[in-house]
Amino acid sequence: MTFPLWGLVIFIVWTIAVVVSLIVVRIRHLSAGGSVKDFATPNDESLLWRLYRVQANLVENLPLYLGVVFLLTVRGVSGTAVDSLVVAYIGFRLAHSLIHIAGLNPLYRVFCLGIQFVCLVALIVLAIF
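Remember, predicted model here, so these are calculated numbers, not experimental data.

Student: With reference to specific residues and values, describe the environment of Leu-48.
Tutor: Take Leu-48: it is sitting in helix H2 (residues 47-75). In this view, Leu-48 contacts Leu-22, Val-25, Arg-26, His-29, Asp-38 and Phe-39; residues no more than four positions away in its chain are not counted.

Student: With reference to specific residues and values, describe the packing of aromatic side chains.
Tutor: For the coordinates displayed, the defined rule picks out five aromatic pairs. Site record: aromatic cluster; members linked through ring pairs are Phe-11, Tyr-65 and Tyr-89. The ring of Phe-39 has Arg-26 lying over it, and the distance from NZ or CZ to the ring centre is 4.6 Å.

Student: Quick rundown of the nonpolar core? Include the residues and the values.
Tutor: Residues Phe-11, Tyr-65, Tyr-89 and Leu-123 are the most contacted members of the largest nonpolar core, which totals 25 residues. Of all elements in the fold, only helix H1 (3-31), H2, helix H3 (80-102) and helix H4 (106-128) reach the threshold of two or more residues within this core. In terms of residue count, H2 provides more of this core than any other element does, nine residues in total. Ignoring sequence-local partners within four residues, the contact set of Phe-11 consists of Leu-58, Asn-61, Leu-62, Tyr-65, Tyr-89, Ile-90 and Arg-93.

Student: Break down the packing of H1 against H3 for me, with residues and values.
Tutor: Between H1 and H3, whose axes approach to 9 Å, the crossing angle comes to 10°. As the angle between them shows, H1 and H3 are arranged roughly parallel. Of the residues in H3, those in contact with Phe-3, Pro-4, Gly-7, Ile-10, Phe-11 and Trp-14 of H1 are Val-82, Asp-83, Val-86, Val-87, Tyr-89, Ile-90, Arg-93, Leu-94, Ser-97, Leu-98 and Ile-101. The residue makeup of the contact of H1 with H3, split by class, is 13 nonpolar, two polar and two charged.

Student: Summarise the side chain of Asn-57; cite the residues concerned and give the values.
Tutor: Inspection of the secondary structure assignment puts Asn-57 in helix H2. Polar contacts involving the side chain of Asn-57 include one to the side chain of Arg-93, which spans 2.4 Å. In contact with Asn-57, not counting residues within four places along its chain, are Arg-93 and His-96.

Student: Mind laying out H3, listing which residues take part and the relevant values?
Tutor: In this model H3 runs 32 Å from its N-terminal to its C-terminal C-alpha over 23 residues, within 8% of the 33 Å that 1.5 Å per residue would give. When H3 is considered as a whole, its buried residues turn out to be Val-82, Leu-85, Val-86, Tyr-89, Ile-90, Arg-93, His-96, Ser-97, Ile-99, His-100 and Ile-101. Turning to H3, the residues buried within the fold contact H1, H2 and H4. Backbone geometry just downstream of H3 places Gly-103 in the positive-phi region, at approximately 75°.

Conventions we followed
Residues numbered from 1 in each chain as written. Predicted model: local features only at pLDDT ≥ 70, side-chain atom pairs only at ≥ 80, totals over all residues. Heavy atoms only, no water. Helix = DSSP H or I, 4+ residues; strand = E, 2+ residues; numbered from the N terminus. Contact = heavy atoms within 4.5 Å. Phe/Tyr/Trp six-rings, centres within 6.5 Å; stacked < 30°, edge-to-face > 60°. Lys NZ or Arg CZ within 6 Å of the ring centre and 35° of its normal. Core = buried A, V, L, I, M, F, W, Y, C linked by side-chain atoms within 4.5 Å. Buried < 20%, exposed > 50% of the residue type's maximum accessible area, 1.4 Å probe, protein only. Axes fitted to C-alpha atoms, helices over the stretch in contact; angles between N-to-C directions. Parallel < 35°, antiparallel > 145°, perpendicular 65-115°, else oblique. Nonpolar A, V, L, I, M, F, W, Y, C, P; charged D, E, K, R; others polar. Polar contact = N/O pair within 3.5 Å; in protein donor to acceptor, adjacent residues only side chain to side chain. Expected span 1.5 Å × (residues − 1).

Below you can see the structure in the form of structure tokens.
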């Protein structure tokens, strides 16, 4: 299997892990007497809200990466540059999620997002040309 496909596997498994974590936190919240209405209440201090946002962000970004993997696979593009960009993209995608879950400074997330964007654009350029 190629690096882009392994990256896709990691992305999907990570998304599933975040969804499972979100379910666990929701069940704990309800068990402690919390309300279902709290699920939609924006609150960066709440792990529930941060997990929800991480899950939504992963679902928003998965199709972009999937499209790049499709282009690379169909065009048969591979090599060290592709592999390095995929590793960087997935690494910073995971870091972005962990930073958000931990509630750290949002500027770190923006930094990770910027690197991910550069990696995606570079992978698209490699796939097209």
